[in-house]
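Listed below, chain by chain, are the residues.
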Amino acid sequence: MSRPITPPPGPLPEPDDISANPSGNRLFADVLTVRLSRRTALTGGVVAAAGFLGAGAAGGEAAAAGGARQRRRLLGFQPVEISSADTLTVPDGYTAQVLIPWGTPIRANGPAWRRDAANTAAEQAQQIGMSHDGMRFFPLGPDRGLLVLNHEYADQLLLFPDGDAVMTAEKVAKSLAAHGVSVVEVALRRGRWELVDSRLNRRVTMATPVRFAGPVAGDHPSLRTGAEPRGTLNNCSCGATPWGTYLTCEENWNEYFATDDPSWVPTPEQARYGVTREGYGYRWHQGDPRFDLAATPHEVNRFGWVVEIDPRDPTAKPVKRTALGRIKHETATVTESRGRVVVYTGDDQVGEYIYKFVSAGRWRTMRATGRHPLDHGTLYVARFDDDGTGRWLALAHGTGPLTVANGWRDQADVLLRTRQAADAVGATPMDRPEWIAVHPHTDEVYVTLSNGPGFPNAANPRQPNPFGHIVRWRERHGDATATTFEWDIFLLAGDPAFDPSVPLDAAGMFGSPDGLAFDGDGRLWIQSDISNSSLNNPRTYYVNLGNNAVLAADPVTGEVRRFAVGPRGCEMSGISFTPDHRTMFVNVQHPGEAVATMDRPTPQNPRAVSNWPDADPDGRPRSATVAIRRRDGGVIGR
């Protein structure tokens, strides 16, 4: 079933497209090919499965409706066209309002945004950060709530008036302040969302004190540096707990650490996480020894965790919940089953794995007895098998190969070396596991796999896999705590011009799926993250797909429609809804970054690629949250 597609002469791969996994574990590509060879081919945008997804979600939803009436069409908007314009496009009948762009002061008396990027580090710490990403709306009452959003990274060329050719201690401090999380209260007034000057508004940055909980305690030898633990960085996607807290995920944390010491070499653990002497261009170590791998060797171990933040308590320290493992966490999707809390998370790099954590008991009982549900439980990693089944493999010290005899000291050691532990138990390497979403009616679990360079074997549905796909599974008996599941492919993304087997049409074709969320009606919202080296590039597979977009899919029919297209150079990310589903919040991340086919911003011309959202002739592009509403006040998507 391998379907080679002719590759155009493309750019060099992104860091996430380069595998750091030397385990030799059986690739998902191999598993998938055997699976496809045993059943029907791809049809209608959805894999026609022989197993539990034979009727997809349709069977379950139709049965729930009694089958007596025709199912309402789930996608009720007209799709927007592919675009390469420097604007945000939404369907007819919808409005898009820009809210809290980078640099907005979080309090009324805070420092004003300076369009020349001359705000100081201290001022940036009192302003909305850069590169808006994962986000969650926590309602506080009718038409008001807290928006909690991640700031994944800083484009240092745009962050400073003179760019980042020279890094100083002040520049490093400002970049630290541009990272992290923002908590802000917003309210809907006269049809528009406004920032509220609330005591709950705060920033969590790389300078914020944090604490560790779970098996890897704050005094663990691997975390000792002589300084208090501070900060969270490269915060990508997120989750929310049933007790009302926010989970933020540290993704590409390895990129910030480097050293100029030529004698430094990575340990096997560091190499497995992609830690290198050169780092990835931030050069924070030149202004702060905290990020120098030779000078402060344990600081790097303080990152790679899921961090819990209480949005309603500005005095509460963020807590790194170490029982959920140390990886490049892309998401922390929370669901409940049999009273227990279950957290799904992906490790966003080619050849990495999908994980889930199951609390040791019912979360309400645990909290009532002083045991935190995210500190006590079992972390699992997924193995996908040829026959459409799968198994969750426990990463528990003393089980399987994770023993003292095999060099694993205790559970803390397993969690500090989560990737190596997953290698040891035989997990299935995947093509960049991204966001995970649970269907609100069927409890099926969906994950985006962004793309992959292809592997040196013929057993692959596409070689390479430049467009990515979406996998879904159902836990045994619908119980998220189960250790077995059935899986299949929901959707292969792509452009039919390069792969005729892709059934997506002009109204819904896309590539590199990343963000993923369900609404209350069961629409699956998909956000694309085409790299700027490939965006609109005739030397890549993405020449026909335009800017990054938000799309909606019907899990029953497989229909996909494009809902929004972002401005130039951006990624569409961070999706959340108000409880009435009449406002959708999305993030436009890093507009105006260098795009291979457009231009590259410079200190002299930061607007070379984009001038969104301000269109200020003397300004610069800014990440921002956007509130999307229907003009008639109706439910989004209907």
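Residues numbered from 1 in each chain as written. Predicted model: local features only at pLDDT ≥ 70, side-chain atom pairs only at ≥ 80, totals over all residues. Heavy atoms only, no water.

Caption draft 1: Up close: the sheet that holds strand E4 (residues 94-99). Read across the open sheet, the 4 strands follow the order E4-E33-E32-E31; overall the sheet is antiparallel. Whereas interior strands pair on both sides, the edge strands pair on one side only; in this sheet they are E4 and strand E31 (571-577). The mean inter-strand angle of the sheet, taken between neighbouring strand axes irrespective of direction, is 25°. (Pairing = 2+ DSSP bridges. Helix = DSSP H or I, 4+ residues; strand = E, 2+ residues; numbered from the N terminus. Axes fitted to C-alpha atoms, helices over the stretch in contact; angles between N-to-C directions.)

Caption draft 2: Quick peek at the side chain of Gln 127. For Gln 127, the location among the structural elements is in the loop between helix H3 (121-124) and strand E5 (132-141). Within the structure, the side chain of Gln 127 is placed 3.4 Å from the backbone oxygen of Gly 103, a separation counted as a polar contact. Separated by 3.2 Å, the side chain of Gln 127 and the backbone oxygen of Pro 111 make a polar contact. Beyond its immediate sequence surroundings of up to four residues, Gln 127 is in contact with Gly 103, Thr 104, Pro 105, Ile 106, Pro 111, Ala 112, Trp 113, Asn 119 and Arg 203. (Polar contact = N/O pair within 3.5 Å; in protein donor to acceptor, adjacent residues only side chain to side chain. Contact = heavy atoms within 4.5 Å.)

Caption draft 3: Broad picture of unusual backbone geometry. Of the consecutive residues Trp 612 and Pro 613, the connecting peptide bond is found in the cis state with omega at 0°. As for its position among the elements, Pro 613 is in the loop between strand E32 (583-589) and strand E33 (624-630). In the Ramachandran plot, Asp 143 falls in the positive-phi region, its phi being about 60° despite a non-glycine side chain. When you line up the elements, Asp 143 lands in the loop between E5 and strand E6 (144-151). With relative accessibility at 42%, the residue Asp 143 sits in the partly exposed group. One non-glycine residue with positive phi stands out, namely Asn 234, at about 50°. Topologically, Asn 234 is positioned in the loop between strand E10 (211-213) and strand E11 (235-240). (Buried < 20%, exposed > 50% of the residue type's maximum accessible area, 1.4 Å probe, protein only.)

Caption draft 4: Spatial organisation of the sheet that holds strand E12 (residues 246-250). Pairing is mixed across the open sheet formed by 5 strands, whose spatial order is E10-E14-E13-E12-E11. Strand pairing shows two members of the sheet lacking a second neighbour, E10 and E11, which therefore form its edges. Strand-to-strand, the axes of this sheet are offset by a mean angle of 30°, without reference to chain direction. Note: E11 against E12, 4 bridges, orientation antiparallel. Residue pairing in the sheet places Cys 238 in a bridge with Thr 248 of E12.

Caption draft 5: Just the pattern of salt bridges, in detail. Evaluation of the coordinates by the stated rule reveals 37 salt bridges. Residue Arg 144 pairs with Glu 185 through a salt bridge whose shortest N-O separation is 2.8 Å. With Arg 144 in strand E6 and Glu 185 in strand E7 (residues 180-189), this residue pair connects regions lying 41 residues apart in the sequence. The exposure class of Glu 185 is buried, given its relative accessible area of 7%. Across the pair Asp 519 and Arg 523 runs a salt bridge, and its minimum N-O distance is 2.7 Å. The buried category is assigned to Asp 519, whose relative accessible area is 3%. Its relative accessible area of 1% is what places Arg 523 among the buried residues. Where salt bridges share partners, they join Arg 272, Asp 347, Glu 352, Arg 419 and Asp 423 into one cluster. (Salt bridge = Lys/Arg side-chain N within 4 Å of Asp/Glu carboxyl O.)

Caption draft 6: Fine view of the nonpolar core. In this structure, Trp 525, Phe 563 and Met 584 are the most contacted members of the largest nonpolar core, which totals 53 residues. At 5 residues, strand E29 (residues 549-553) tops the list of elements feeding residues into this core. (Core = buried A, V, L, I, M, F, W, Y, C linked by side-chain atoms within 4.5 Å.)

Caption draft 7: Region of interest: the pairing of strand E19 (residues 377-384). Examined bridge by bridge, strand E18 (residues 354-359) and E19 share 5 bridges and lie antiparallel to one another. Note that in E19 the partner of Lys 356 across the bridge is Tyr 380. Where E19 meets strand E20 (residues 389-394), 5 bridges bridge the pair, whose relative direction is antiparallel. When the sheet's bridge partners are listed, Ala 382 is paired in E20 with Trp 392.

Caption draft 8: Structural view of the packing of aromatic side chains. Taken as a whole and judged by the stated rule, the model has 33 aromatic pairs. Arranged with centres 5.6 Å apart and planes meeting at 65°, the rings of Phe 467 and Tyr 541 form a pair that is edge-to-face. Residue Phe 467 is found in the loop between strand E24 (462-463) and strand E25 (469-475), and its partner Tyr 541 is found in the loop between strand E28 (524-528) and E29; the two are separated by 74 residues along the sequence. Note on accessibility: Phe 467 and Tyr 541 belong to one class, buried. An aromatic cluster is built from Tyr 256, Phe 257, Tyr 282, Trp 284, Phe 291 and Phe 303, whose rings are joined through pairwise contacts. Across from the ring centre of Tyr 273, 4.6 Å away, lies the NZ or CZ of Arg 326, which sits over that ring. Sitting over the ring of Trp 113, Arg 622 keeps its end group 4.2 Å from the ring centre. (Phe/Tyr/Trp six-rings, centres within 6.5 Å; stacked < 30°, edge-to-face > 60°. Lys NZ or Arg CZ within 6 Å of the ring centre and 35° of its normal.)

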